[in-house]
Amino acid sequence: SGSSESDYASLTINVPAPRISQQPTDTMVPVTETAVLSCTAQGYGDVKVVWLRRGSDPVPDKANTTTITTPDLITIILTIPNMLVADEGDYRCRYMNGGEKTFSD
């Protein structure tokens, strides 16, 4: 009566980068009004989402973000109240899970 055990086999899960399914759209708002942008992606794992301005700058301090998560979609909504000329520019969202990053256009 004896026993024998095999070596361990490593099992690794490949989590793909998030895929953006709805890009933010160009928006025009009057001065002092509120701007709202949204972006949606499919992702797995611990997905983090941020909005960036002019490529890599943070969004204005007065901006608010809301994240809506369903089992397979993550939507992030950026709301900027009291828009001023200084707030104008290009905004995009960035989805990250682990080491993978996906940017909106």
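Not measured: the values here are computed from a predicted model.

**Q** Can you explain the pattern of salt bridges? Please cite residues and give values.
**A** In total, this model carries 2 salt bridges according to the counting rule given. Across the salt bridge formed by D46 and K48, the nearest N and O atoms sit 2.9 Å from each other. The partner of K62 in a salt bridge is D87, and the shortest N-O contact between them spans 2.6 Å. Of this pair, K62 sits in the loop between β4 (57–58) and β5 (64–69) while D87 is found in the loop between β6 (74–80) and β7 (91–97), placing the two residues 25 residues apart along the sequence. Overall, K62 belongs to the partly exposed group, its relative accessible area being 29%.

**Q** Kindly report on the sheet that holds strand β2 (residues 35–42), identifying the contributing residues and their values.
**A** Within the open sheet, the 4 strands sit side by side as β1-β2-β6-β5. Their pairing is antiparallel. Of all the strands in the sheet, just β1 (19–22) and β5 have a single pairing partner and so form its edges. Taken pair by pair, the neighbouring strands of this sheet meet at an average axis angle of 25°, ignoring direction. The sheet contact formed by β2 and β6 spans 7 bridges and is antiparallel. Within the sheet, the bridge partner assigned to T40 lies in β6 and is T75.

**Q** For the state of the cysteines, give the residues involved together with the corresponding values.
**A** By the definition in use, this model includes 1 disulfide. Note that C39 is cross-linked by a disulfide to C93, the S-S spacing being 2.0 Å. Here C93 lies in strand β7 and C39 lies in strand β2, a separation of 54 residues in the sequence. With respect to class, C39 is no different from C93; both count as buried.

Rules and cut-offs
Residues numbered from 1 in each chain as written. Predicted model: local features only at pLDDT ≥ 70, side-chain atom pairs only at ≥ 80, totals over all residues. Heavy atoms only, no water. Salt bridge = Lys/Arg side-chain N within 4 Å of Asp/Glu carboxyl O. Helix = DSSP H or I, 4+ residues; strand = E, 2+ residues; numbered from the N terminus. Buried < 20%, exposed > 50% of the residue type's maximum accessible area, 1.4 Å probe, protein only. Pairing = 2+ DSSP bridges. Axes fitted to C-alpha atoms, helices over the stretch in contact; angles between N-to-C directions. Disulfide = S-S within 2.5 Å.

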